[in-house]
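Reading the structure
Here is how the chains run, residue by residue.
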2 protein chains.
Amino acid sequence: MDINTAKQALRELQLKMYAYNYASAIVYLDAATVAPKNTSEGRGVAMSVLSGETHKLFCNDEVGELLTFLTEHKDELSDIERRETEVLKRSYDRQTKIPLDVVMEYSKLGVEADDAWHRAKETSDFELFRPYLEKIVEYQKMFAGYYDPTKKPYDALLDTYERGMNTEILDRYFDKVRSAIVPLLAATQAAPEIDDSFLYKYYPVEKQKEFNDRLMEVMGIDRGYCTIGETEHPFTTGTDNRHARITTHYYPEAPSFAMYSTIHEGGHALYELGGDDKYRYTCLAGGVSMGVHESQSRFYENIVGRSEGFTKFIFPKFKEMFPEQLEGVTADMFYHAVNKAQPSLIRTEADELTYSLHIMIRYELEKRIIAGELAVKDIPGEWNRMYKEYLGIDVPSDKEGCLQDSHWSGGSFGYFPSYSLGSAYGAQMLAKMRETVDVDGALAKGDIAPITAWLRERIHRHASFLEPADVVRNACEAEFDPTFYTDYLTKKFTKLYNL
Amino acid sequence: MDINTAKQALRELQLKMYAYNYASAIVYLDAATVAPKNTSEGRGVAMSVLSGETHKLFCNDEVGELLTFLTEHKDELSDIERRETEVLKRSYDRQTKIPLDVVMEYSKLGVEADDAWHRAKETSDFELFRPYLEKIVEYQKMFAGYYDPTKKPYDALLDTYERGMNTEILDRYFDKVRSAIVPLLAATQAAPEIDDSFLYKYYPVEKQKEFNDRLMEVMGIDRGYCTIGETEHPFTTGTDNRHARITTHYYPEAPSFAMYSTIHEGGHALYELGGDDKYRYTCLAGGVSMGVHESQSRFYENIVGRSEGFTKFIFPKFKEMFPEQLEGVTADMFYHAVNKAQPSLIRTEADELTYSLHIMIRYELEKRIIAGELAVKDIPGEWNRMYKEYLGIDVPSDKEGCLQDSHWSGGSFGYFPSYSLGSAYGAQMLAKMRETVDVDGALAKGDIAPITAWLRERIHRHASFLEPADVVRNACEAEFDPTFYTDYLTKKFTKLYNL
């Protein structure tokens, strides 16, 4: 093999992977949005064949040899090719280390476990799910050993979601988060309760849609490259830096749900769309990790969307569309209502202040489960104990407790921390951004452009070229430091609640 | 190779083709319905890679040997496997006979020709398109020679769209059609004009959608397997007998367009959805030819949807939803209005009576072009002459004349006749159906079930197992005979216009 042939093969491989990923993204989106509801069987057959083909395309000896060759000749590669090789090699090693029969067994277990989890959640019966979760945990420990036998198993898993992340960093992080948020939350709950009842009146869906279109416009999302659809659970998908799709969910009696999910998903979309053209059709296109992705989505959702400036800018537009529902409501009342802090059972409905506590509990449990220090059968008890300890609430059923999320049934151990890290990355970015951008001034004018320009320059345009920790370091010109996050929350909620 | 291995390979090949076709159908549908408008470039790259992969999957020596082996051992195959082998072998031969460099050149020409056609149509300037069309015609003649050098070139092309069809049959067919329709049309135009002005008032799109939902229900289309979307040009796509999608277009001031396009596409969908499960995930799933497909869509659109019984059944429901627009209008007026015959310029907007004349003109031109008897430069003149001769109208511009359809720019010579054959097949099916089904009684009650049951039993369930001519023979227990079609039109329009 000569180096130019190898470079050409690298390009072709990535182009093919782009094409297969394109097809699977669109089929997934179609299924979630508009496909007729009884068509999952035929789609499952097609997708299983295509994912098998995608796997064969990548996980074969020829690709292995190519990546080894390129790694050995990395001095002859451009920066981009070198990074592509690194990313692909890591993914190749991870995917090929596990024997094929184990992959097949695990994939079968995954289908059964998903089904069992759905039934268990419906009937709030953890025992139905327990035997499957026990097997999944055993597989996850085994996988961790394949990924990196030199690491603690949970560290090896964390690394697959947020490269470079480990329990040492996260223990310190969550200690800090816990010790800041728990007393802050207690103080807010002792303060007079914020009235948000006007956000639970009837807001016709058609008008909500119009308002959400306006939000996308304010965010500077070009609809020629990104449309908005509807699904049960909002998400963002994209195929390249010129094509993203977001979805939302309109609740007729809770307009702030669609509003903030649109802004959140819009943040993901801006990250995807902000990637430099030079990464298009390569494995470096798109966001680098879940943590960095959440840093962007939660930046727009909370730091922008729930800021005093932005809420007071957007409120008159909101009221103009819903004058009856908002009669007597002021911009300040609106700002307070969308920031109301309240311990709650369900992670996805949590407010900005309590969100990271939900994640912290999951992190602590996962860490102990994978370390073999907590038996699967003891999860419900521990879950409920920690919700009582940190959020001060009783969990009435496993359905609203440890069965609420799909992550464990899908084997995604190590994924949860990314959600919280994203918020913390975002707060540190905000502090750095304030050095050169008049953030509050921009928000008060509803002028998101200078904010997005900063994020684009420092984060978005790099797509997956930099490792997650390097993205943070590059953007903030400092190591990741959770103090920015706890300071941000303390300052915001102290003022909001007059503490 | 042993026979069981070969049979297994046959199944696997078809399953893979199903999966690739699934992906490409959904990406196409997504692009036509909801994709952001500026995303065609990235989609083009992905689709070009995937179609290349699909081509490689099928057009390789291994598949060639497999199909040859299976053909040689056809006595050891089941009926279905034998038919699968036959269909795949024919497709394989057709696709592999043309040298790859010719395919590549032609594909490049196709992109340029499509672009030139769009510009030519926009500016109504045939000269812009002429050089491309000349090249396309030369390629088509060359392809015909590759397909079957023993046939007249146009016959070889016709055979690719409607297996077994040729100019001998079609000359007789269109002679018959012409000699029946031309005088009948003249008579209708001499009769008092039908008033259809009430169909061109303002009908709000949201209410039209509700009405179209109702139409789908009346047609017995299960929305769990078939949804309806919106596109500029309505179409139907499907992936297997449990999954179809139709689209329509709502014009606020012409509700009958969406109404009849929904019924037309619904007919295509019922054909796709009516296939037997035993053909699922094989090359025999789905309709066998364009002609048979149009026989079903036009059966529902015209024979059902424009019948006296059905229009009078549906009118009260229509009027209930649009009482103001239809004030003073009776069911009989509605029946007449949706059947108004009128020579017109645009094929896709033609009524039931004149439609086949539009096709006949295209057929006559194509036949002469491919035979080398008509130069491309002379198409506009001949087109206009024939529209004057047969439809009695002057063509004011090539945009509304020979540039109106996309077929020739796409190289689809031999495709047009299928549209008209479909109507003729349908009329013959109707005559046979009347022997055992009280068609008029069912239509008057809006009870489509016995009609669909007959079509499903005789046509739909066979999917692509039978050749087009065998579908007609099997359904009608007779050879194809266009007299049924001309009799049907004569009877219907004589009564409608009191001739």
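Source: prediction; values computed, not measured. (Residues numbered from 1 in each chain as written. Chains lettered and ligands numbered in written order. Predicted model: local features only at pLDDT ≥ 70, side-chain atom pairs only at ≥ 80, totals over all residues. Heavy atoms only, no water.)

The next subject is the overall build of chain A. The helix and strand inventory of chain A stands at 20 helices and three strands. Oriented by its inertia axes, the alpha-carbon framework of chain A measures out at about 75 × 50 × 50 Å. Looking at chain A residue by residue over its 499 residues, the buried ones come to 56%. Partitioning the intrachain contacts of chain A with sequence separation of at least 6 by distance along the chain shows that 74% fall at a separation of at least 24. Of the roughly 20,600 Å² of accessible surface on chain A, a fraction of 51% belongs to carbon and sulfur atoms. Positive and negative side-chain charges of chain A, numbering 58 and 80 respectively, have mean locations separated by a distance of 2 Å. (Helix = DSSP H or I, 4+ residues; strand = E, 2+ residues; numbered from the N terminus. Buried < 20%, exposed > 50% of the residue type's maximum accessible area, 1.4 Å probe, protein only. Contact = heavy atoms within 4.5 Å. Areas by Shrake-Rupley, 256 points an atom, 1.4 Å probe, with all protein chains shown as cover. Lys, Arg positive; Asp, Glu negative; His and termini not counted. Charge placed at Lys NZ, Arg CZ, Asp CG, Glu CD.)

Residues and elements named next belong to chain A. As a packed pair, helix 16 (residues 417-434) and helix 20 (residues 483-496) sit with axes 7 Å apart at the nearest point and diverge in direction by 80°. For the element pair helix 16 / helix 20, the angle class is roughly perpendicular. Contacts between helix 16 and helix 20 involve Ser423, Ala424, Ala427, Gln428, Leu430 and Ala431 on the former and, on the latter, Phe484, Tyr485 and Tyr488. Taken together, the residues that form the contact of helix 16 with helix 20 break down as seven nonpolar, two polar and no charged. (Axes fitted to C-alpha atoms, helices over the stretch in contact; angles between N-to-C directions. Parallel < 35°, antiparallel > 145°, perpendicular 65-115°, else oblique. Nonpolar A, V, L, I, M, F, W, Y, C, P; charged D, E, K, R; others polar.)

Before going further, it helps to spend a moment on the relation of the copies chain A and chain B. When chain A is brought onto chain B, the operation consists of a screw motion whose angular component is 180° and whose axial shift is 0.0 Å, with 0.0 Å RMSD remaining. Overall, the copies show the geometry of a two-fold rotation axis. Across chain A, the rotation axis passes nearest the C-alpha of Ala23(A), at a separation of 2.9 Å. In this assembly, 100% of the residues forming the interface of chain A have copies in chain B that are likewise at the interface, indicating an isologous arrangement. (Least-squares fit on C-alpha atoms with pLDDT ≥ 70 in both.)

All names here are of chain A. As summarised here, the arrangement of the three strands in space is 1-3-2, forming an open sheet in which the pairing is mixed. In this open sheet, the two edge strands, each paired with only one partner strand, are strand 1 (226-230) and strand 2 (236-240). The mean angle between the axes of side-by-side strands here comes to 20°, regardless of whether they run parallel or antiparallel. With five bridges connecting them, strand 1 and strand 3 (residues 243-248) associate as parallel partners. Across the sheet, glutamate 230 pairs through a bridge with threonine 248, a residue of strand 3. Docked against the sheet, helix 10 (residues 255-273) engages strand 1, strand 2 and strand 3, running at close to 165° with respect to strand 3. (Pairing = 2+ DSSP bridges.)

Residues and elements named next belong to chain B. The N-to-C vectors of helix 7 (residues 153-161) and helix 14 (residues 355-370) enclose an angle of 130°; their axes lie 8 Å apart at closest approach. With respect to helix 14, the axis of helix 7 lies oblique. Along the contact surface, helix 7 presents Pro153, Tyr154 and Leu157, while helix 14 presents Tyr363, Glu366, Lys367 and Ile370. Split into classes, the residues belonging to the contact of helix 7 with helix 14 amount to five nonpolar, no polar and two charged.

Per-residue confidence for chain A gives a mean pLDDT of 96; residues scoring 70 or more make up 100%. Model confidence for the complex: the whole-complex pTM is 0.94, and ipTM, which rates the interface, is 0.93. (pLDDT = per-residue confidence, 0-100.)

This brings us to the interface of chain A and chain B. By convention, interface size is frequently given as the accessible area that disappears when the constituent parts associate. Across the contact, 39 residues belong to chain A and 39 residues belong to chain B. For the pairing of chain A and chain B, the buried interface totals around 3,000 Å² over both sides, and the portion due to carbon and sulfur atoms is 62%. Run the count over chain A and chain B and you get six salt bridges. Put simply, Glu41(A) and Arg280(B) hold a salt bridge, and the shortest N to O gap is 3.3 Å. (Buried area = accessible area lost by both parts, 1.4 Å probe. Salt bridge = Lys/Arg side-chain N within 4 Å of Asp/Glu carboxyl O.)

Looking now at the pairing of strand 3 of chain A. Side-chain positions along a regular strand alternate between the two faces of the sheet. All names here are of chain A. Extensive coverage of strand 3 is indicated by the burial of six of its six residues. What you see with strand 3 is no split at all: His243, Arg245 and Thr247 on one side and Ala244, Ile246 and Thr248 on the other are buried throughout. As paired elements, strand 2 and strand 3 share four bridges and run antiparallel to each other. Bridge pairing in strand 3 places threonine 237 opposite arginine 245. With antiparallel pairing between neighbouring strands as the criterion, strand 2 and strand 3 make up a hairpin whose turn holds two residues.

With that out of the way, let us pick up helix 19 (residues 468-476) of chain B. Residues and elements named next belong to chain B. Taken residue by residue, helix 19 has Pro468, Val471, Val472, Ala475 and Cys476 as its buried positions. When helix 19 is viewed along its axis, its buried side chains cluster within an angular range of 105° and face the same direction. Trailing helix 19 by a residue or two, glutamate 477 shows a phi angle of about 55°, which is positive. (Arc of directions from axis to C-beta.)

Next up on the list: the domain arrangement of chain A. Residues and elements named next belong to chain A. We note that the domain assignment places domain 1 (1-97) and domain 2 (153-499) within chain A. Domain 1 and domain 2 are separated by 30 Å when their C-alpha centres are compared. Listed by partner, the interface residues are 19 residues for domain 1 and 23 residues for domain 2. The contact between domain 1 and domain 2 buries some 1,800 Å² in all, and 67% of this surface belongs to carbon and sulfur atoms. When the buried surface of domain 1 facing domain 2 is broken down by residue, Tyr18, Leu29 and Arg83 rank first, second and third, together holding 31% of it. For the interface between domain 1 and domain 2, the tally reads three salt bridges. The shortest N-O distance in the salt bridge between arginine 94 and aspartate 159 comes to 3.7 Å. The tally of links from domain 1 across to domain 2 stands at five residue pairs in polar contact (both at pLDDT 80 or more). Secondary-structure elements contributing two or more residues to the side of domain 1 that touches domain 2 are helix 1 (3-33) and helix 4 (79-97). Broken down by element, the residue count for the side of domain 1 that touches domain 2 peaks at 10 residues, all from helix 1. Across the side of domain 1 that touches domain 2, the residue classes break down as 11 nonpolar, two polar and six charged. (Domains from an automatic or database assignment. Polar contact = N/O pair within 3.5 Å; in protein donor to acceptor, adjacent residues only side chain to side chain.)

Our next topic: the sheet that holds strand 2 (residues 236-240) of chain B. Think of a sheet as strands paired side by side through backbone hydrogen bonds, with each pair either parallel or antiparallel. Residues and elements named next belong to chain B. The three strands are arranged 1-3-2 in an open sheet whose pairing can be described as mixed. Edge strands, defined here as strands with exactly one partner in the open sheet, are strand 1 (226-230) and strand 2. Strand-to-strand twist of the sheet, defined as the mean angle between neighbouring strand axes without regard to direction, takes the value 20°.

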